[in-house]
Amino acid sequence: MVSLSAEAEALTPYLAELGVAIWTTTPWTIPANLAVAVNPALTYAVVEVAGNEQLAVSPESSSEPRFRYLIVAKELIDRLAHTLGTPLTLKAEISGTALEHSTYLHPLFDRQSPIVIGGDYVTTESGTGLVHTAPGHGMDDFVVGQRYGLPILSPVDDGGNFTEEAGRFQGLNVLKDANEAIVQALIETRSLLKEESYAHRYPYDWRTQKPVIYRATEQWFASVAGFREATLKAIAEVEWIPAQGENRITSMVTERSDWCISRQRSWGVPIPVFYDEETNVPLMTPETIAHVQAIFAEKGSDAWWELSIEELLPEQYRNDGHQYRRGTDTMDVWFDSGSSWAAVVDSREGLRYPADMYLEGSDQHRGWFQSSLLTSVAIHGIAPYKTVLTHGFALDEQGRKMSKSIGNVVDPAIVIEGGKNQKEEPPYGADVLRLWVSSVDYTSDVPLGKTILKQMSDVYRKIRNTSRFLLGNLHDFDPSQHTVSYEQLPELDRYMLHRITEVFADVNEAFEHYQYFRFFQTIQNFCVVDLSNFYLDIAKDRLYISAEDTLRRRACQTVLAVAIENLAKAIAPVLCHLAEDIWQYLPYPTPYESVFESGWLNIDQQWQKPELSIVWNQIRDIRQEANKVLEQARTQKEIGSSLEAKLLLYVADAELKQKLSAMNPSNSLSGNEVDELRYLFLTSQVELLDSMTPLADAKYKSQSDVLGVGVIDAEGVKCDRCWNYSIHVGESAAHPLLCERCVPALEGKF
């Protein structure tokens, strides 16, 4: 210690032999030391080192320690005594605040520095409670140094080597040989209390995996304070997807006062500044910038390095060219990308400013989204985008971030074309990869791997197979000749058209709000649940049994044509190849050669009949319960096909029962031959019960307060053509093996 503050005068008796004990994991920063920081909330102590104990670590050093007394945090005395291997005797106590403005002599340089008040980083978790402070080599140190008006000393060049300011250490590399040399110098001056190995976290560059150092350098800053309020107003006028993105970027801009726009790199767009060789005063005027801009426009930014100073300066400065040097700082890349709105959407023909949407990862709130916002508001007072959509990052199936070093990156080319071992890495094609993208909630991180791709492939095949079924059953259908008018359609078909309006309204809304996972779920459910498991399952009887030109069959084909055309259009933004395949295989002419020329969904408003959903959703629920009972009978080998069964059905709801009764005629050739329970449940007969009692004899059944379902053997004989069981098989002399439906079907009447 050299001097004490007025508040620390009580330590005067110890001053001549008093040392300030600090602890550091980076000895190479000691040449840049300009202060020692204390915590004002801690109590510090002057301790006496046990008489003549040798604290220097070098065996070659045999002299007594340089200091008889040390200043340390009081609560660390016992721990430090153990670490140093010598008793430490408490002589005096003092608050951290009282030590402020006392001074000490640097152990290696003829330089006096102050004790200062640090932040909450000064703790007693490790070390001595006093923190060595080098404002040129750390953020906390820099902030404290600015508060006390300390110079910014950073005696390290771009190569990590000490400069002339480091004295005898000049030329040493701070990460290779500087630490050892500085430790040895401390030993020689009897200033080293202890050296020991210590495991701690050190900053590493994530790309090169090499250690990095903190080094204060002169930078160029753009002030944000002057247009911060305008920026916050612009943020509020943008649509943020997801909505929490607005809060995130708002908090970042609110806390931002300056933007460091310079970088010390050997690549990038140079900052067009010149410096006076003698005074180092920068030269940057509207004239110099305009001149350099014109040169860059003609020759590119490399001209900054290729041309002479005289050529880079405008004419009025050329005679003084020898007095200036060009700056070597480059522009922050976020300034480059943040200006893309000016170079692209605001400059190119056919594009609009502001852009409709900016799309990037969620980390860009502090990057591209913000730099674009700041530059645009600064120039034009508005955001450069109307909408901002952010997404998470791709993870592997174990939830790990994809990384080349780990080797868990999924290569899109291999997903599409397959790998070397195509059994392990089959070619899924671009559509499956696009389908996966649509299936995930992109607002958070999303996993991808072999299992997930296999699942996506299965979903893709279900959509494709459903489409093939629709196309295959339209082979003889021409909408211009065979379309059945809406008024003539059976209720089942009208319900299905209504369901189509619901499904594709959901698809449209999903796209409008960028909720692609809703598109995925809706299309998957439509193909599997609405079509394959329900409508097409029921439709097979009409499509396969009825004569080709009957109303019963053509009505079904009318719905199939509506379904396949709108399905192709709906999936086109995602499953573009499948959509085009479907369109090219439509078995009838259309006004458009490609699905991408055909426009968006074609939904007739008259199809929208929500009242139909009330009854038909109830019927579908009953059908689902009936299928469970039929499956029980099938599993037990009681029946092979559901057509071998007669369904017993009890419904407690009187209104629903009345509706079902109307759909269960005793004569198969009456009614519209479509809206019948036997066709809806795929059984040969259905009997509506007045009570649950008859279900007691049914071997397979399901009962609740509102619904009872039973399965018994169908009545009659199996028809050789439709496989339905009927008591009327054999009544036709011409066709003794056929039922009452198939005989007129052969005559074109059913």
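Everything below is about the structure shown above.
Sequence order as written defines residue numbering, which begins from 1 separately in each chain. Note on the predicted model: pLDDT of at least 70 is required for a residue's local features to be given, and 80 or more for side-chain atom pairs to be given and counted; whole-chain, interface and lining totals, by contrast, use all residues. Only hydrogens and water are set aside when side-chain values are computed; all heavy atoms of the structure are taken into account.

J.: Please give an account of the overall build of the chain that cites residues and values.
T.: The secondary structure content of the chain amounts to 25 helices and 26 strands. What you see for the chain is a C-alpha radius of gyration of 41 Å, clearly larger than the 27 Å of a compact globule of 750 residues, by over 25%. Viewed in the frame of its principal axes, the chain has a C-alpha envelope of about 130 × 75 × 50 Å. Residue burial is assigned from relative accessible area. The probe radius is 1.4 Å, only protein chains are included, and a residue is buried under 20% of its type maximum, exposed over 50%, and partly exposed in between. Counting across all 750 residues of the chain, residues that qualify as buried make up 47%. The contact definition used throughout considers only heavy atoms, calling two residues in contact when any of these lie within 4.5 Å. If you take every contact in the chain between residues at least 6 apart in sequence, the share linking residues at least 24 apart comes to 68%. A total accessible area of about 38,200 Å² is found for the chain, and carbon and sulfur atoms account for 49% of it. A run of DSSP states H or I qualifies as a helix once it reaches four residues; a run of E qualifies as a strand once it reaches two. Both are numbered from the N-terminal end. Each radius of gyration reported is based on C-alpha atoms, and the globular scaling rule is 2.2 Å times the count of residues to the power 0.38. Shrake-Rupley sampling with a 1.4 Å probe provides the accessible areas, and residues are treated as covered by the protein chains on show and by no other component.

J.: Tell me what's going on with the pattern of salt bridges, and back it up with residues and numbers.
T.: Pairs may arise between side chains of opposite charge once their charged atoms sit close together. In the sections that follow, a salt bridge refers to a side-chain nitrogen of Lys or Arg positioned within 4 Å of a carboxyl oxygen of Asp or Glu. In this structure the tally under the stated criterion is 33 salt bridges. For the salt bridge of Arg464 with Asp581, the shortest nitrogen-to-oxygen distance reads 3.8 Å. With Arg464 in helix α16 (residues 450-472) and Asp581 in helix α21 (residues 576-584), the pair connects residues that are 117 residues apart, well separated along the chain. For Arg464, a relative accessible area of 30% gives the class partly exposed. One continuous salt-bridge network, built from bridges that share partners, spans Glu17, Glu48, Arg68 and Lys91.

J.: Any details on the environment of Tyr324? Residues and values, ideally.
T.: The residue Tyr324 is located in strand β15 (residues 324-326) in this model. The class of Tyr324 is buried, set by a relative accessible area of 14%. In this structure, the C-alpha to C-alpha distance between Tyr324 and Lys540, residues 216 residues apart in sequence, is 87 Å. If near-sequence neighbours (up to four positions away) are discounted, Tyr324 is found in contact with Phe274, Tyr275, Asp276, Glu277, Leu283, Ile309 and Leu313.

J.: With reference to specific residues and values, describe the state of the cysteines.
T.: Throughout, disulfides are identified as pairs of cysteine sulfur atoms within 2.5 Å of each other. All chains considered together, the criterion is met by 0 disulfides. Just so you know, Cys527 is unpaired, no disulfide at all, and the nearest cysteine sulfur is the one on Cys556, 16 Å from it. Classification of Cys527 by relative accessible area gives buried; the value is 0%. Looking at the unpaired Cys719, the closest cysteine sulfur is the one in Cys742, lying at 3.7 Å.

J.: Describe the packing of aromatic side chains, naming the residues involved and giving the relevant values.
T.: Both the distance between ring centres and the angle between the ring planes are used here to describe each pair of aromatic rings. Paired rings are identified among Phe, Tyr and Trp, the last through its six-membered ring, by centres lying within 6.5 Å, and are further divided according to the angle between planes into stacked (under 30 degrees), edge-to-face (over 60) and tilted (the rest). On inspection of all chains with the given rule, the structure shows 19 aromatic pairs. Arranged with centres 5.9 Å apart and planes meeting at 75°, the rings of Trp240 and Tyr385 form a pair that is edge-to-face. Here Tyr385 lies in strand β18 (residues 385-391) and Trp240 lies in strand β10 (residues 239-241), a separation of 145 residues in the sequence. Ring-pair connections join several aromatic residues into one group, and the members of that group are Trp240, Tyr358, Trp368, Phe369 and Tyr385. Lysine and arginine charges are scored as sitting over a ring when NZ or CZ, respectively, is within 6 Å of the ring centre and within 35 degrees of the ring normal. One Lys or Arg, Arg552, reaches over the ring of Tyr679 and ends 4.8 Å from the middle of that ring. For Lys718, the ring lying beneath its charged end belongs to Trp723, and the centroid distance is 4.4 Å.

J.: Describe the sheet that holds strand β3 (residues 43-49), naming the residues involved and giving the relevant values.
T.: At least two bridges found by DSSP between two strands is the condition for calling them paired. In space, the 4 strands of this open sheet follow the order β1-β4-β3-β5, with mixed pairing throughout. Edge strands, defined here as strands with exactly one partner in the open sheet, are β1 (18-20) and β5 (88-95). Ignoring which end each strand starts from, the neighbouring axes of this sheet average 30° apart. Here β3 runs beside β5; their pairing, made up of 7 bridges, is antiparallel. Each bridged residue has a counterpart across the sheet, and for Thr43 the counterpart in β5 is Ser95. Against the sheet, helix α1 (residues 77-84) contacts β3, β4 (69-73) and β5, and its axis sits at roughly 140° relative to β5. Helix axes are fitted only over the stretch in contact, all axes being lines through C-alpha atoms; the angle between N-to-C directions runs from 0 to 180 degrees.

J.: Go over the packing of helix α19 (residues 516-545) against helix α20 (residues 551-571), please, and point to the residues and values.
T.: The N-to-C vectors of α19 and α20 enclose an angle of 165°; their axes lie 12 Å apart at closest approach. In terms of orientation, α19 lies roughly antiparallel with respect to α20. In the crossing of α19 with α20, the sense of the turn from one axis to the other is left-handed. Here Phe519, Ile523, Phe526, Cys527, Tyr535, Leu536, Ala539, Asp541, Arg542 and Leu543 of α19 come into contact with α20, specifically with Arg552, Arg553, Ala555, Cys556, Gln557, Val559, Leu560, Ala563, Leu567, Ala570 and Ile571. Relative orientations are named as follows: roughly parallel for angles under 35 degrees, roughly antiparallel for angles over 145 degrees, roughly perpendicular for angles from 65 to 115 degrees, and oblique for any other angle. Rotating anticlockwise by less than a right angle from the far helix to the near helix defines a left-handed crossing, while the corresponding clockwise rotation defines a right-handed one.

J.: Can you tell me about unusual backbone geometry, naming the residues and giving the values?
T.: With an omega dihedral of -5°, the bond running from Ile241 to Pro242 counts as a cis peptide bond. Mapped onto the fold, Pro242 is located in the loop between β10 and α6 (244-254). The step from Tyr353 to Pro354 runs through a cis peptide bond, and the omega angle for that step is 0°. Its location among the elements puts Pro354 in the loop between α12 (340-343) and β17 (355-361). Residue Tyr514 is not a glycine yet carries a positive backbone phi of 60°. Relative to the assigned elements, Tyr514 resides in the loop between α18 (491-512) and α19. By relative accessible area, which is 22% here, Tyr514 ends up partly exposed. Phi at Lys637 is positive, roughly 65°, even though this residue is not glycine.

J.: Report on the sheet that holds strand β21 (residues 645-651), specifying residues and quantitative values.
T.: The 4 strands lie next to each other as β22-β21-β24-β23, forming an open sheet whose pairing is mixed. If you trace the sheet from one side to the other, it starts and ends with β22 (685-689) and β23 (700-703), each paired once. Direction aside, the axes of adjacent strands within the sheet are offset by 15° on average. Here β21 pairs with strand β24 (residues 707-713) via 7 bridges, running antiparallel. Residue pairing for β24: Tyr650 is matched across the bridge by Gly708. The strands touched by helix α22 (residues 610-635) within the sheet are β21, β23 and β24, with β24 carrying the most contacts at an inclination of about 40°.

J.: For α21, give the residues involved together with the corresponding values.
T.: Listed as buried for α21 are Cys576, Leu578, Ala579, Glu580, Ile582 and Trp583. Looking at the packing, one finds that the buried side of α21 touches α15 (430-439), α16 and α20.

J.: Which residues make up the environment of Gly268, and what are the values?
T.: Within the secondary structure, Gly268 sits in the loop between β12 (262-263) and β13 (274-276). Taking the C-alpha atoms as reference points, Gly268 and Asp336, separated by 68 residues in sequence, lie 8.8 Å from one another.

J.: Lay out a nonpolar patch on the surface in plain terms, naming residues and giving numbers.
T.: A grouping of Met139, Phe142, Val143 and Ile152 is seen on the molecular surface, where their side chains present a nonpolar patch of about 360 Å² in accessible area. By the element assignment, Phe142 lies in helix α3 (residues 139-147). Each patch is built from residues lacking any salt bridge and having more than 30% relative accessible area; the joining distance is 9 Å for like charges and 5 Å for nonpolar side chains (Val, Leu, Ile, Met, Phe, Trp, Tyr).

J.: Could you give me a rundown of the packing of α18 against α22, with the residues and numbers involved?
T.: It is the contact of α18 with α22, at a shortest axis distance of 10 Å, that shows an interaxial angle of 105°. With respect to α22, the element α18 is oriented roughly perpendicular. Along its contact with α18, which presents Glu491, Leu492, Arg494, Tyr495, His498, Arg499 and Glu502, the element α22 presents Pro610, Leu612, Ser613, Trp616, Asn617 and Arg620.

J.: Describe the environment of Leu76, listing the residues and the values that go with them.
T.: Mapped onto the elements of the fold, Leu76 is located in the loop between β4 and α1. For the pair formed by Leu76 and Val503, sequence separation is 427 residues and the distance between their alpha carbons is 71 Å. For Leu76, the residues in contact, after removing those within four places along its chain, are Thr124, Gly127, Thr128 and Gly129.

J.: Summarise the pairing of β21; cite the residues concerned and give the values.
T.: Regular strands place side chains that alternate from one sheet face to the opposite one. Across the 7 residues of β21, 7 count as buried, placing the element largely inside the fold. Alternating positions in β21 separate into two faces, Ala645, Leu647, Leu649 and Val651 on one and Lys646, Leu648 and Tyr650 on the other, with burial throughout. Bridge count between β21 and β22: 5 bridges; the pairing is parallel. Each bridged residue has a counterpart across the sheet, and for Leu649 the counterpart in β22 is Leu688.

Treat this as a map of the structure, not an account of what it does.
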